[in-house]
Amino acid sequence: MTYRLSSVPGSLAFGEWGDPGAPAVLAVHGITANHLAWAAVARALPEFHVIAPDLRGRGGSRGLGGPYGMEAHAADLAALLDHVGVATAAVVGHSMGAFAALVFGLRHPGRTAATVLVDGGLPLVLPPGLTVNDTLGPAAQRLTMEFADRAAYRQLWKGHPALAGAWNGDIEAYVDYDLVGEPPRLHSSASYESMALDSADLFGTDAIEAALSALPAGTPLLTAPRGLLDADPLYSAEALAAWRARLPGLAVSEVPDVNHYTIVMGGRGAAAVAAAVKTAVTAGRTGS
């Protein structure tokens, strides 16, 4: 499957897979990720044109400063589709990317052929007494670290609880692409500022609430039974039950034996996400 790395002049870098004349899928990554998180999913969608940006402040878009937040990301996504000449796309978002996908769908309903949420999109709950910055965790620490060489950065990721038993060529390429700078002061391409400011929206905004309330019946949300550290899931069973009761349009399904990372970067997860995209696109075409 052909892969191309491009950029919108003065804006986002992005990767593309597949035939530009095929139905489009706009794939939106998580909070410190980059477009190569979608490589396995793209290969599982050979009949589609998969377009995956590096969101501002990450990857090849690291030189773009604010504004951040889901409204800014939604505007960037629309500009990306304009640049590649795509009128409508199925939009699939993972983690923070699911929140951006929701806001894109709210602001650009005529350009959204379908929306697929992957372990994200439902506002998180801020624990009592904590601020958003208190919740940033190990990922935020990684963004402040420096590495002598590429092997050192790979080793850090190979020891990550969610990836220790799941390492593959796609994950290695994703990690290598994220590393920028010059030895011995290599560092992640994701800026701390982008993570910190975008994190606030993950606890809910008016636009996200409006987008969730307007979800078409059958909108899929795929969840992982294990979370960012291969332990507790991002959304508890109780939280999902409450959201199901509140949002009858949401079709929640758990992908077996994956975590928050491998739901897109592992074979089992990528196949499930690709299947959900195909089903959502078919449903959109038939109006069912």
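Residues numbered from 1 in each chain as written. Predicted model: local features only at pLDDT ≥ 70, side-chain atom pairs only at ≥ 80, totals over all residues. Heavy atoms only, no water.

Caption draft 1: Focus on the overall build of the chain. Across its full length, the chain carries 11 helices and 10 strands. In summary, the chain has a C-alpha radius of gyration of 18 Å against a globular reference of 19 Å for 288 residues, a match within 12%. Referenced to the eigenvectors of the C-alpha coordinate spread, the extents of the chain come out at roughly 55 × 45 × 35 Å. A buried classification covers 53% of the 288 residues belonging to the chain. Pairs at least 24 apart in sequence give 74% of the contacts found in the chain among residues at least 6 apart. Working note: accessible area of the chain is about 11,700 Å², and carbon and sulfur atoms make up 57% of it. Taking the 18 positively charged and 26 negatively charged side chains of the chain as two groups, their mean positions are separated by 4 Å. (Helix = DSSP H or I, 4+ residues; strand = E, 2+ residues; numbered from the N terminus. Rg over C-alpha atoms; globule rule 2.2 N^0.38 Å. Buried < 20%, exposed > 50% of the residue type's maximum accessible area, 1.4 Å probe, protein only. Contact = heavy atoms within 4.5 Å. Areas by Shrake-Rupley, 256 points an atom, 1.4 Å probe, with all protein chains shown as cover. Lys, Arg positive; Asp, Glu negative; His and termini not counted. Charge placed at Lys NZ, Arg CZ, Asp CG, Glu CD.)

Caption draft 2: Summary view of the side chain of N34. Along the chain, the position of N34 falls in the loop between β3 (24-28) and α1 (39-43). According to the relative accessible area criterion, N34 is buried, its value standing at 0%. At 2.9 Å, the side chain of N34 forms a polar contact with the backbone nitrogen of L36. Dropping the residues within four chain positions of it, N34 is found in contact with H29, D54, Y174, Y177 and D178. (Polar contact = N/O pair within 3.5 Å; in protein donor to acceptor, adjacent residues only side chain to side chain.)

Caption draft 3: Representation of the environment of A283 in the model. By the secondary structure assignment, A283 is in helix α11 (residues 267-286). Along the backbone, A283 and G21 are 262 residues apart, and their C-alpha atoms lie at a distance of 20 Å.

Caption draft 4: Representation of the pattern of salt bridges in the model. Per the counting criterion, the structure on display carries 15 salt bridges. When the shortest N-O distance is used, the salt bridge between D178 and R142 registers 3.6 Å. Placement of the pair is D178 in helix α6 (residues 169-178) and R142 in helix α4 (residues 137-142), with a sequence separation of 36 residues. Accessibility expressed as a relative area gives 7% for R142, which makes it buried. Here R154 ties to D176 by a salt bridge, and the two come within 2.6 Å at their closest N and O atoms. With R154 in helix α5 (residues 150-158) and D176 in helix α6, this residue pair connects regions lying 22 residues apart in the sequence. Owing to a relative accessible area of 18%, D176 belongs among the buried residues under this scheme. Bridged by salt links that share partners, the residues R226, D230, D257 and R268 form one connected network. (Salt bridge = Lys/Arg side-chain N within 4 Å of Asp/Glu carboxyl O.)

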